[in-house]
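This is what each chain is made of:
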Amino acid sequence: MPRSRRSGSAKTSSARFRNRHGRTLRSSVTGPHLPPLRTRIDLFEMTVASTADYLKGVWPEELADVRFEIGAIPLGMPVEGAAVARWSVIGRRIILFRLPIQRMSKLHRDDELHKRMVIESCVFRAVAELLGKDPWDLSPDRFRHF
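No experiment lies behind these values; they were computed from the predicted model shown.

## Let's talk about the pattern of salt bridges
Then, in step 1: Per the stated rule, a full pass over the model turns up five salt bridges.
Then, in step 2: R67 serves as the salt-bridge partner of E69, at 2.5 Å between the closest nitrogen and oxygen.
Then, in step 3: You can call R67 partly exposed: its relative accessible area is 47%.
Then, in step 4: One salt bridge connects R93 with E69, and the closest N-O pair in it is separated by 3.2 Å. With R93 in strand β3 (residues 93-97) and E69 in strand β1 (residues 67-71), the pair connects residues that are 24 residues apart, well separated along the chain.

Here it is in structure tokens:
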């Protein structure tokens, strides 16, 4: 009867990091002394949270009880010929849909700055829809340099 290859090799808990071709033992990518890697979901959530905090600071009375939520995709099929919703305003809730914002936005430059600007613009437009204002009127001093 043939012997299992694993029977004698897994003696310690670090055996999952193999010594292959004479190299040293492998470890995790970040290691114990570095913070974990940032993911696209984390960056999206941090951008939405920081933009919402900024707008709540500018419009404290109007946005005091507004909840910002993040959803993956909008429910239901879009009407033929209509665009896929990037956000939804339901009462005092603003739901931002991460996948349509991240994947369906046409960026002329695919870098972190432009991705952040697209997310911020969606938050601004959703809040403007809730308040019945123009997005440029929400924070006129923020975009003075444009």
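## With respect to the side chain of H114
Then, in step 1: Turning to its location among the elements, H114 is positioned in helix α3 (residues 112-131).
Then, in step 2: Beyond its immediate stretch of four places on either side in the chain, H114 contacts L107, H108 and R109.

## A short note on the sheet that holds strand β2 (residues 87-90)
Then, in step 1: If you trace the three strands from one edge of the open sheet to the other, you get β1-β3-β2, paired in mixed fashion. This sheet does not close on itself; its edge strands, each paired only once, are β1 and β2. Each strand of the sheet is rotated relative to its neighbour by a mean of 20°, with strand direction disregarded.
Then, in step 2: Summarising the sheet, β2 and β3 pair through four bridges and their orientation is antiparallel. Directly across from W87, in β3, lies its bridge partner L96.
Then, in step 3: In the packing of α3 onto the sheet, the strands contacted are β1, β2 and β3, and the crossing angle to β2 comes to about 25°.

What counts, and at which threshold
- Starting afresh in each chain, residues are numbered from 1 along the sequence in its written order.
- Restriction of local features to residues with pLDDT of at least 70 applies here, the model being predicted, together with a cutoff of 80 or more for giving and counting side-chain atom pairs; totals for whole chains, interfaces and linings are based on all residues.
- Computation of side-chain values covers all heavy atoms of the structure but excludes hydrogens and water.
- A pair is scored as a salt bridge if a Lys or Arg side-chain nitrogen falls within 4 Å of a carboxyl oxygen belonging to Asp or Glu.
- Relative accessibility under 20% of the residue-type maximum defines a buried residue, over 50% an exposed one, and the middle range a partly exposed one, all with a 1.4 Å probe and only protein chains included.
- A run of H or I in DSSP becomes a helix once it reaches four residues, and a run of E becomes a strand once it reaches two; helices and strands are each numbered from the N terminus.
- Here, two residues are considered to be in contact whenever any of their heavy atoms come within 4.5 Å of each other.
- Strands qualify as paired when DSSP identifies two bridges or more between them.
- For helices, the fitted axis covers only the stretch in contact; all axes are lines through C-alpha atoms, and the angles between them, taken along N-to-C directions, range from 0 to 180 degrees.

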